[in-house]
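Working through the structure, step by step
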Amino acid sequence: MKVHVKVNGISYEREVEPRALLAYFLREDCGLTGTHVGCDTSSCGCCVVVMDGERAVKSCSMFAVQADGHEILTVEGLADGGRLHALQQGFWDQHGLQCGYCTPGMLLTSYALLRHNATPSEADIREGLAGNLCRCTGYQNIVKAVQQAAGALRESVGAS
Amino acid sequence: MIPAAFEYLRAHTADEAFAFLQQHGAEARVLAGGQSLIPAMRFRLARPAVLVDINSLNDLSYIRVDAKSLAIGAIARDADVERAPWIADRRWSLIHDASRVVADPVVRQMGTVVGSLCHNDPAGDWTAVALAARAAVVVRGKSGNRQVGIDDFLVDSFTTATGEGEMALGVVFPMPDDRTAGSYQKMERKVGDFATAAAAVQVSMNDDGTIRSAGVALSAAGPCAVRVDAAERLLAGQKPGEELIRAASDAAWHRSAPQADLRGSVDYKKHLAGVLVARGLRQALARLGVQA
Ligand SMILES: Cc1cc2nc3c(=O)[nH]c(=O)nc-3n(C[C@H](O)[C@H](O)[C@H](O)COP(=O)(O)OP(=O)(O)OC[C@H]3O[C@@H](n4cnc5c(N)ncnc54)[C@H](O)[C@@H]3O)c2cc1C
Ligand code: FES
Ligand code: FES
């Protein structure tokens, strides 16, 4: 089946089997290996991407054919040229990662979270990220990273 | 893990989805949020030959409240229910509570209330909620649409009253009056886990301080969610109090017939059913300003 998916603003037209999962489409057909597969059982949140600018979805739990005609944002699309996205900067500054395996999913879930709630409390962030597992950090610094990013994004909106 | 091959059909209207289902009969499955179906297909527990994707049926994404009811369409997501502007009204507290504990927040972005009812997992959350709130599912069949009361809709584990070639269009919750509140109590081992045990409770009060009617249901307490009829009967017409809550809790213990698994033994789950019904009743009553 032919699918046409816009990933990070770039159109990808590919021939796929209906049973191909979006995560593998992104990694193998588009060559965007920033999206990780951690559990392959819909549990860990490593594979989260953002659909149509606002919905965080587990790309291992969706078929690529379902994304036909939709826009997908992956971790590769967060930075603006050489400038890190506020969330990436937050993870960098606050040491929000160790091995980094969970990080793309954490970033994209947080991205959608901040789209819906620009002023999240610590509890909002912890609840919002409850579907994303990290085996390294203990979460503390991830929460701080998202808090920093939320602040930075508010400031940049205020400044512009 | 890659699912078995299937034919993918994207429907653009409900008529088209229905026509696809009629054409392929038992071979076909509806693909809603996919958060139960796709994992099952990856494990090859499900191998449908045809998937009818209903995610483009935007006219079924509604979550609508009017004077009589709350209607939720087949592709309205759990997350949209959780964010609905009116959800904080205490009369919807049962639904609000549940919308925050089904699966995990990312799964809720895709997962649907109707898909969950159609899936009818023994430990699902929305099934127990629908029982306590006395919902009905709108099913589209050959002879048109029909409303199936939730008690008749939930037939057995993973089996509903939706027949071959049929689909559910939405679910309707009757509008509770403003002396109504509810509570959803779920015991889970961790976020994103199915319930070890769960209780859905909804209570409506009379002006004289007696209970007018109550809905009480359990999840993870049998082949599918169960209504605790005995508790509902004994609560109706009574003044809330410690004794009454204990009696309702005992009724839940009796009604619960869970399976032992990694989440707990039969005894433990039955015990939880009783405890969670008591907690749910207390919280629902507290939300109505009644101490019990
Ligand atoms: C990690 C994880 C944790 C979870 N935890 C929980 C939990 O704690 N509690 C809980 O209740 N659920 C849980 N779930 C399941 C989740 O809530 C599902 O979203 C839900 O059960 C099914 O909804 P869906 O829209 O995704 O349906 P789908 O997966 O698309 O469909 C499920 C079944 O229903 C059928 N179906 C769907 N819609 C219709 C329709 N309109 N007409 C006819 N048939 C239809 C499908 O054919 C399929 O057989 C979890 C899932 C995951 C991945
Ligand atoms: S790889 Fe998708 S949730 Fe783990
Ligand atoms: S940084 Fe290693 S899993 Fe999160």
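Computed from a predicted structure; not experimentally measured. (Residues numbered from 1 in each chain as written. Chains lettered and ligands numbered in written order. Predicted model: local features only at pLDDT ≥ 70, side-chain atom pairs only at ≥ 80, totals over all residues. Heavy atoms only, no water.)

Here's the deal with the nonpolar core
One finds Ile95, Trp126, Val129, Val171 and Phe173 of chain B to be the most contacted residues of the largest nonpolar core, which totals 57 residues. Ignoring anything within four residues of it in the chain, the contact list for valine 129 of chain B reads Leu94, Ile95, Ala98, Phe173, Tyr184 and Ala200 of chain B. (Core = buried A, V, L, I, M, F, W, Y, C linked by side-chain atoms within 4.5 Å. Buried < 20%, exposed > 50% of the residue type's maximum accessible area, 1.4 Å probe, protein only. Contact = heavy atoms within 4.5 Å.)

Examining the domain arrangement of chain A
Residues and elements named next belong to chain A. When cut into domains, chain A gives domain 1 (2-77) and domain 2 (86-159). A straight line from the C-alpha centre of domain 1 to that of domain 2 covers 21 Å. In this complex, domain 1 contributes 18 residues to the contact, which on the side of domain 2 involves 16 residues. When domain 1 packs against domain 2, close to 1,300 Å² is buried across both sides, 62% of that on carbon and sulfur atoms. At the boundary of domain 1 with domain 2, the tally comes to zero salt bridges. Counting across the domain 1 and domain 2 interface gives six residue pairs in polar contact (both at pLDDT 80 or more). Secondary-structure elements contributing two or more residues to the side of domain 1 that touches domain 2 are β3 (48-51) and β4 (55-58). If one sorts the elements of the side of domain 1 that touches domain 2 by residue count, β3 sits on top with three residues. Here the residues of the side of domain 1 that touches domain 2 are counted per class, giving nine nonpolar, seven polar and two charged. (Domains from an automatic or database assignment. Buried area = accessible area lost by both parts, 1.4 Å probe. Salt bridge = Lys/Arg side-chain N within 4 Å of Asp/Glu carboxyl O. Polar contact = N/O pair within 3.5 Å; in protein donor to acceptor, adjacent residues only side chain to side chain. Helix = DSSP H or I, 4+ residues; strand = E, 2+ residues; numbered from the N terminus. Nonpolar A, V, L, I, M, F, W, Y, C, P; charged D, E, K, R; others polar.)

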